[in-house]
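The primary structure of each chain is shown beneath.
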Amino acid sequence: MQVAVIGSGAEWARQAEEVGRLLAERGCVLVCGGLGEVMEAAARGAKGAGGTTVGVLPGESPHDANRWIDYAVATGTGHARNLAVVASCEAAIAVGGRWGTAAEIAYARLLGRPVVVLGSGPPVEGEGIEHAETPAHAVELALGLAEAR
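A quick note: this is a predicted structure, and the numbers were derived from the prediction, not measured.

Visitor: Even after reading the chapter, I still don't get the pattern of salt bridges, so can you show me in this structure?
Guide: Oppositely charged side chains can pair when the atoms bearing their charge come close. What the rule picks out here adds up to 5 salt bridges. Taking the shortest distance from any N to any O, the salt bridge between R21 and E25 comes out at 2.8 Å. Here R21 and its partner E25 are both found in helix 1 (residues 13–25), 4 residues apart, which amounts to about one turn of the helix. Among the ionic contacts, a cluster of salt bridges with common partners joins E18, R21 and E25.

Written out as structure tokens, the structure is:
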């Protein structure tokens, strides 16, 4: 199963790394935006647990990916790459984030992908959006929702 970890904010690095680790331990491929902060921390956690990571980059060079990315997809599309991130997953977990994360959540829901918001991410509500207080709870919710689809 491919699960996207979306979000931003260096203050969320510890939680994102734990989410990445837990996803890898469950055999999931981690998909993210491939850059820093939440994306880098989640990829680092997944790699630390022996997982596989995919980074969908906004720019034109795969060399822009953080060092924890196994497969870099250079889109050259800027923020529009957010659609590709969530289209490549079966569920998404938002860790922190601002407007870009809110856009990814909206795209995920338009595509019918379930979303779990960890902690105080973007203030979004609606069908298919769940909230979790811990990384373990976020992973359990995301995998359960993806399997139920």
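Visitor: When you look at helix 1 in this model, what are you seeing that I'm missing?
Guide: In an α-helix, one turn spans 3.6 residues; hence positions three or four apart end up facing the same way. Taking 1.5 Å as the rise per residue, helix 1 with 13 residues should run 18 Å; its terminal C-alpha atoms sit 18 Å apart, in good agreement. On its buried face, helix 1 sits against strand 1 (2–8), strand 2 (29–32), helix 2 (38–48), strand 5 (91–96), strand 6 (115–118) and helix 5 (135–148). Looking one or two residues beyond helix 1, the residue adopting positive phi is G27, at roughly 85°.

Visitor: Before we go on, may I ask you to explain a nonpolar patch on the surface in this structure?
Guide: Nonpolar side chains collect at one region of the surface, where L83, Y107, L110 and L111 lie side by side and expose about 370 Å² of accessible area between them. Checked against the element boundaries, L83 lands in helix 3 (residues 81–87).

Visitor: Before we go on, may I ask you to explain the environment of I69 in this structure?
Guide: Within the secondary structure layout, I69 lies in the loop between strand 3 (52–57) and strand 4 (71–74). Judged by relative accessible area, which is 13%, I69 ranks as buried. Sequence separation between I69 and A102 is 33 residues; the distance between their C-alpha atoms is 23 Å. Beyond its immediate chain neighbours, meaning those up to four positions away, I69 contacts C32, G34, A43, T53, V54 and G55.

Visitor: Quick question: what am I supposed to make of the sheet that holds strand 2 here?
Guide: Strand pairing in a sheet relies on backbone hydrogen bonds. The paired strands run either parallel or antiparallel. If you trace the 7 strands from one edge of the open sheet to the other, you get 4-3-2-1-5-6-7, paired in parallel fashion. Each edge of the open sheet carries a strand with a single partner, namely strand 4 and strand 7 (129–132). When strand polarity is set aside, the average angle formed by the axes of neighbouring strands in this sheet is 20°. Pairing analysis gives 3 bridges linking strand 1 to strand 2, with the strands arranged parallel.

The rules behind these values
- Once a new chain begins, its residue numbering starts again from 1 and follows that chain's sequence as written.
- Local features in this predicted model are restricted to residues of pLDDT 70 or higher, and side-chain atom pairs are both shown and tallied only at a pLDDT of 80 or more, whereas totals for entire chains, interfaces and linings draw on every residue.
- Water and hydrogen atoms play no part in the side-chain values, which are based on all heavy atoms of the structure.
- Should a side-chain nitrogen of Lys or Arg be within 4 Å of a carboxyl oxygen of Asp or Glu, the pair is scored as a salt bridge.
- Secondary structure elements follow DSSP: runs of H or I no shorter than four residues count as helices, runs of E no shorter than two count as strands, and numbering proceeds from the N terminus.
- Each helix should span, by expectation, one fewer than its residue count multiplied by 1.5 Å.
- In this analysis, two residues are considered to be in contact whenever any of their non-hydrogen atoms come within 4.5 Å of each other.
- Grouping into patches uses exposed residues only, defined as over 30% relative accessible area, and leaves out salt-bridged ones; the cut-off is 9 Å for like charges and 5 Å for nonpolar side chains (Val, Leu, Ile, Met, Phe, Trp, Tyr).
- To be clear on the numbers: accessible area is Shrake-Rupley with a 1.4 Å probe, and residue cover counts the displayed protein chains and nothing else.
- Three exposure classes are used, based on accessible area relative to the maximum for each residue type with a 1.4 Å probe and protein chains only: buried under 20%, partly exposed in between, and exposed over 50%.
- Two strands qualify as a pair provided that DSSP identifies no fewer than 2 bridges between them.
- Axes here refer to lines fitted to C-alpha atoms; in helices the fit is confined to the stretch in contact. Angles between the N-to-C directions go from 0 to 180 degrees.

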